[in-house]
Amino acid sequence: MTTKSLDLGCGLQPKNPFNTQEVYGIDVRDDAEAHIVKADLVIEPIPFPDDSFDYVTAHDFLEHVPRLIYLPQRRNAFVEVMNEIHRVLKPGGVFMSFTPAFPHGPAFRDPTHVNIITEETFPLYFDDKVRWASMYGFRGSFQILSQEWRGVHLMSLLRKTA
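1. Describing the packing of aromatic side chains
Summed over the entire model, instances satisfying the criterion amount to 12 aromatic pairs. Ring plane angle 40 degrees and centroid distance 6.5 Å describe the contact between Phe95 and Phe142, whose orientation is recorded as tilted. In this pair, Phe95 is assigned in strand 5 (residues 89-100) and Phe142 in strand 6 (residues 142-150), connecting sequence segments 47 residues apart. Owing to a relative accessible area of 0%, Phe95 belongs among the buried residues under this scheme. It is Lys4 that lies over the ring of Phe53; its NZ or CZ is 5.2 Å from the centre.

2. Details of the environment of His153
Along the chain, the position of His153 falls in strand 7 (residues 153-160). You can call His153 buried: its relative accessible area is 17%. Distance from His153 to Gly9, taken between C-alpha atoms, is 16 Å for residues 144 residues apart in sequence. Among all residues touching His153, those that are not within four sequence positions of it are Asp60, Phe98, Thr99, Pro100 and Glu148. There is a polar contact of 2.7 Å between the side chain of His153 and the side chain of Asp60.

3. Concerning the side chain of Asn83
Considering the arrangement of structural elements, one finds Asn83 in helix 1 (residues 77-88). According to the relative accessible area criterion, Asn83 is buried, its value standing at 7%. Within the structure, Asn83 has its side chain in polar contact with the backbone oxygen of Gly137 (distance 2.9 Å). A polar contact of 2.9 Å, which involves the side chain of Asn83, links it to the backbone nitrogen of Arg139. Asn83 has contacts with Gly137, Phe138, Arg139 and Gly140, leaving out every residue within four places of it along the chain.

4. Re a nonpolar patch on the surface
Taken together, the side chains of Val130, Trp132, Met135 and Tyr136 make up a nonpolar region of the molecular surface, amounting to roughly 410 Å² of accessible area. Residue Val130 is classed as partly exposed on the basis of its relative accessible area of 36%.

5. Notes on the pairing of strand 2 (residues 22-27)
Strand 2 sits mainly inside the fold: five of its six residues count as buried. Sheet topology note: the strand 1 (residues 4-8)/strand 2 ladder contains five bridges and is parallel. Of the residues in strand 2, the one forming a bridge with Leu8 is Ile26. Note: strand 2 against strand 3 (residues 36-38), three bridges, orientation parallel. Of the residues in strand 3, the one forming a bridge with Asp27 is Lys38.

6. Digging into the sheet that holds strand 5
Taking strand neighbours across the sheet as the criterion, the seven strands line up as 3-2-1-4-5-7-6 in an open arrangement whose pairing is mixed. In the strand order of this sheet, the two ends are held by strand 3 and strand 6, each with one partner. Averaged over all pairs of adjacent strands, the angle between strand axes in this sheet comes to 20 degrees, irrespective of strand direction. Contacts from helix 1 reach strand 1, strand 4 (53-59), strand 5, strand 6 and strand 7 within the one sheet, and its direction differs from that of strand 5 by about 140 degrees.

7. Considerations on the pairing of strand 7
The element strand 7 is largely enclosed, with a buried count of seven among its eight residues. Judged from the eight bridges that link them, strand 6 and strand 7 form a sheet pairing that is antiparallel. Its bridge partner being in strand 7, Ser146 is matched across the sheet by Leu157.

What counts and how
- Residues numbered from 1 in each chain as written.
- Predicted model: local features only at pLDDT ≥ 70, side-chain atom pairs only at ≥ 80, totals over all residues.
- Heavy atoms only, no water.
- Phe/Tyr/Trp six-rings, centres within 6.5 Å; stacked < 30°, edge-to-face > 60°.
- Helix = DSSP H or I, 4+ residues; strand = E, 2+ residues; numbered from the N terminus.
- Buried < 20%, exposed > 50% of the residue type's maximum accessible area, 1.4 Å probe, protein only.
- Lys NZ or Arg CZ within 6 Å of the ring centre and 35° of its normal.
- Contact = heavy atoms within 4.5 Å.
- Polar contact = N/O pair within 3.5 Å; in protein donor to acceptor, adjacent residues only side chain to side chain.
- Patch = residues over 30% accessible without salt bridge, like charges linked within 9 Å, V, L, I, M, F, W, Y side chains within 5 Å.
- Areas by Shrake-Rupley, 256 points an atom, 1.4 Å probe, with all protein chains shown as cover.
- Salt bridge = Lys/Arg side-chain N within 4 Å of Asp/Glu carboxyl O.
- Pairing = 2+ DSSP bridges.
- Axes fitted to C-alpha atoms, helices over the stretch in contact; angles between N-to-C directions.

This is the structure:
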């Protein structure tokens, strides 16, 4: 069976940390030869069907997704991105987030970092137990497989559960 992964905010080349056979990327520009599709995930859905990927990865991406946007109306952009990740993952699929996180300076230093991730963001808001993000419109849930620090980056692995 062929495994597929999607790398969000992939830049010039989608990353493939799970060594899948098919690798796709999303960025603000497209490159069909590199399997990169153009989409601005702050305001657009992930342009793939439901249950498409075994893995979704986000390297140095989520910190650039605003928690709230107000035009044309108030929206919870970060929650919407998490809904989209959940939607395109196959049942049991894994999401990997790799982002500079609190309390480290790089989480705050870059003026384009508008979403500060902490060790509690995924376990309290997007997990399969507490699910606080459901009050903001999060429809799925993830089992937290692991979280570990790699320098200033927090690497989180989450499995789609519902």
